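Analysis of the macromolecular model
Listed below are the residues making up each chain.
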Amino acid sequence: MPQISVERLTKHYGTLVALDNVSLDIGSGEIFGLLGPNGAGKSTLLKTLVGILRPTSGTIRIDEIDIVVEPEKAKRMIGYLPENPSLYTGLTTLEFLQFVGKIRGVDDELLEREISESLKSFGLEEKRNSLLGSLSKGMKQKVALIATSLHNPEVLVLDEPLTALDPKTRVSVKDWIGARTKRGVTTILSTHDLDVAQSHAGRIAIIDHGKIVAVGDIESLRKMARAESDARLEDVFLRLTAEKGEDPILK
Ligand code: ADP
Ligand code: MG
């Protein structure tokens, strides 16, 4: 049974069809990549998945719980990193994380331990009492990531977690996700960066104009695109998202 099941999901903004009949199954413990150009519908899909947006039609179930029918129950299982997380710049790192943990109902002792371990694993201990407004972009992103995970969610939904991060920070974020995968956490991450998808995700769904164009690991995506066995995801992606009429597969 998949942990996350998206069935025939459609989302309209007025007359704009942002998601068009999207179906996906994601298994427990997967790192699942959502890859597509700007405006493809990635953020809309993730916001609908975590219950921030209501679907126009279709269903989303997490461990069999329908996010529209039982949002509170489903949301407890999810940690969500928005595309542009807003941090309270006037709070210190510690104050912010304690605040988020309390809202999430995390037990005080557990919370202190989780905060200390997470700051340590990200090398942020010396920023514990610094104002968030004084942190670099990469540091802020790490704090935002820690905040998604304080209540120990089974599912992480991360919207472009690696965008605009330097290579070293990317590696530490990748390690952080990897450590959670080892504990059995399921991660969905969106990206418009092919290298990120190729190096961070097991299976990848390619999304374009609100539709899922292809789903699979890099090997099966290559096969779908009838690309060479050593083709980079970039070539596969271009083939799969080519406009009709200029389809390189048909040429
Ligand atoms: P992505 O995350 O892949 O860049 P989005 O999900 O943000 O794509 O956007 C998909 C489409 O929906 C785009 O055409 C975007 O302009 C539109 N869109 C996104 N949010 C809204 C909104 N709140 N109101 C109207 N249109 C929106
Ligand atoms: Mg987006």
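A quick note: this is a predicted structure, and the numbers were derived from the prediction, not measured.

What counts, and where the lines are drawn
- Residues numbered from 1 in each chain as written.
- Chains lettered and ligands numbered in written order.
- Predicted model: local features only at pLDDT ≥ 70, side-chain atom pairs only at ≥ 80, totals over all residues.
- Heavy atoms only, no water.
- 1 Å grid on protein atoms, 1.4 Å probe; cavity = no way out; pocket = protein on both sides within 12 Å on 5 of 7 lines; lining within 4 Å.
- Points joined across faces, edges and corners; volume = space filled by probe spheres on them.
- Helix = DSSP H or I, 4+ residues; strand = E, 2+ residues; numbered from the N terminus.
- Nonpolar A, V, L, I, M, F, W, Y, C, P; charged D, E, K, R; others polar.
- Contact = heavy atoms within 4.5 Å.
- Polar contact = N/O pair within 3.5 Å; in protein donor to acceptor, adjacent residues only side chain to side chain.
- Phe/Tyr/Trp six-rings, centres within 6.5 Å; stacked < 30°, edge-to-face > 60°.
- Buried < 20%, exposed > 50% of the residue type's maximum accessible area, 1.4 Å probe, protein only.
- Near = heavy atom within 4 Å.
- Areas by Shrake-Rupley, 256 points an atom, 1.4 Å probe, with all protein chains shown as cover.
- Pairing = 2+ DSSP bridges.
- Right-handed = clockwise from strand over helix to strand, strands pointing away.
- Donors = N, O, S within 2.8 Å, 3.2 Å for Na, K, Ca; no water.
- Axes fitted to C-alpha atoms, helices over the stretch in contact; angles between N-to-C directions.
- Expected span 1.5 Å × (residues − 1).

We now examine the layout of surface pockets. The volume enclosed by the largest pocket comes to roughly 580 Å³. If you go around the largest pocket, you meet 20 residues; those closest to its centre are Tyr80, Pro82, Val100, Arg104 and Ala147. Residue assignment for the lining of the largest pocket shows that the elements contributing at least two residues are strand S6 (78–81), helix H3 (93–103) and helix H5 (137–149). Taken together, the residues that form the lining of the largest pocket break down as 15 nonpolar, 3 polar and 2 charged.

On to the environment of Thr191, then. Here Thr191 shows up in strand S8 (residues 186–191). As for Thr191 and Val68, which are separated by 123 residues in sequence, their C-alpha atoms are 26 Å apart. With residues near it in sequence (within four places) discarded, Thr191 still touches Leu34, Leu35, Gly36, Lys42, Glu160, Val196 and Ala197. Within the structure, the side chain of Thr191 is placed 2.8 Å from the backbone nitrogen of Asp193, a separation counted as a polar contact.

Inspection of every chain in the model, using the stated rule, returns 3 aromatic pairs. Measuring from ring centre to ring centre gives 5.7 Å for Tyr88 and Phe99, while their planes differ by 85°; the resulting arrangement is edge-to-face. With Tyr88 in the loop between S6 and H3 and Phe99 in helix H3, this pair connects stretches of sequence that are 11 residues apart. Relative to Trp176, the ring of Phe122 has its centre 6.1 Å away and its plane inclined at 15°; by these criteria the two rings are stacked. Of this pair, Phe122 sits in the loop between helix H4 (108–121) and H5 while Trp176 sits in helix H6 (residues 167–182); the two residues are 54 residues apart in sequence, bridging distant segments of the chain. Given the relative accessible area of 5%, Phe122 is considered buried. An aromatic cluster is present here, built from Tyr88, Phe96 and Phe99 joined pairwise through their rings.

Our focus in this paragraph is the site of ligand 1. Taken together, Tyr13, Leu16, Ala18, Pro37, Asn38, Gly39, Ala40, Gly41, Lys42, Ser43 and Thr44 make up all the residues around ligand 1. Between Gly41 and ligand 1, the recorded distance is 2.9 Å, taken from a backbone N or O atom to an oxygen atom. Protein chains bury 59% of the 560 Å² of accessible surface belonging to ligand 1 in isolation. Contributions of two or more residues to the shell around ligand 1 are made by strand S2 (16–26) and helix H1 (42–49). The greatest single-element share of the shell around ligand 1, amounting to 3 residues, is contributed by H1. Across the shell around ligand 1, the residue classes tally to 5 nonpolar, 5 polar and 1 charged.

Looking now at the pairing of S8. With 6 of 6 residues buried, S8 lies mostly within the body of the structure. Neither face of S8 is exposed, since Thr186, Ile188 and Ser190 on one face and Thr187, Leu189 and Thr191 on the opposite face are all buried. Taken together, the 5 bridges between strand S3 (residues 31–35) and S8 define a ladder with parallel strand orientation. Looking across to S8, one finds that Leu34 is bridged to Ser190. The β-α-β motif built from strand S7 (residues 155–159), the intervening H6 and the parallel element S8 has right-handed crossover chirality.

Coordination of the magnesium ion (ligand 2) by the protein is provided by Ser43 (OG) and Glu83 (OE), with metal-donor distances spanning 2.1 to 2.7 Å. Residue Ser43 is found in helix H1, and its partner Glu83 is found in the loop between S6 and H3; the two are separated by 40 residues along the sequence.

This part is about the sheet that holds strand S9 (residues 203–208). Pairing is mixed across the open sheet formed by 6 strands, whose spatial order is S6-S7-S8-S3-S9-S10. Lying at the two open borders of the sheet, with one neighbouring strand each, are S6 and strand S10 (211–216). Averaged over all neighbouring strand pairs, the angle between strand axes comes to 15°, with direction disregarded. On the sheet, H1 packs against S3, S6, S7, S8 and S9 and is oriented at approximately 150° with respect to S8. Most of the contacts of H6 go to S7, to which it runs at about 160°, and overall it touches S3, S7 and S8.

Counted at 1.5 Å a residue, the expected span for H5 with its 13 residues is 18 Å, and the 19 Å between its end C-alpha atoms agrees. By the criterion of burial, H5 is predominantly enclosed, with 10 of the 13 residues buried. Among the residues of H5, Gly138, Gln141, Lys142, Val143, Ala144, Leu145, Ile146, Ala147, Thr148 and Ser149 are the ones counted as buried. The secondary structure elements touched by the buried residues of H5 are S6, H3, H4, S7 and H6.

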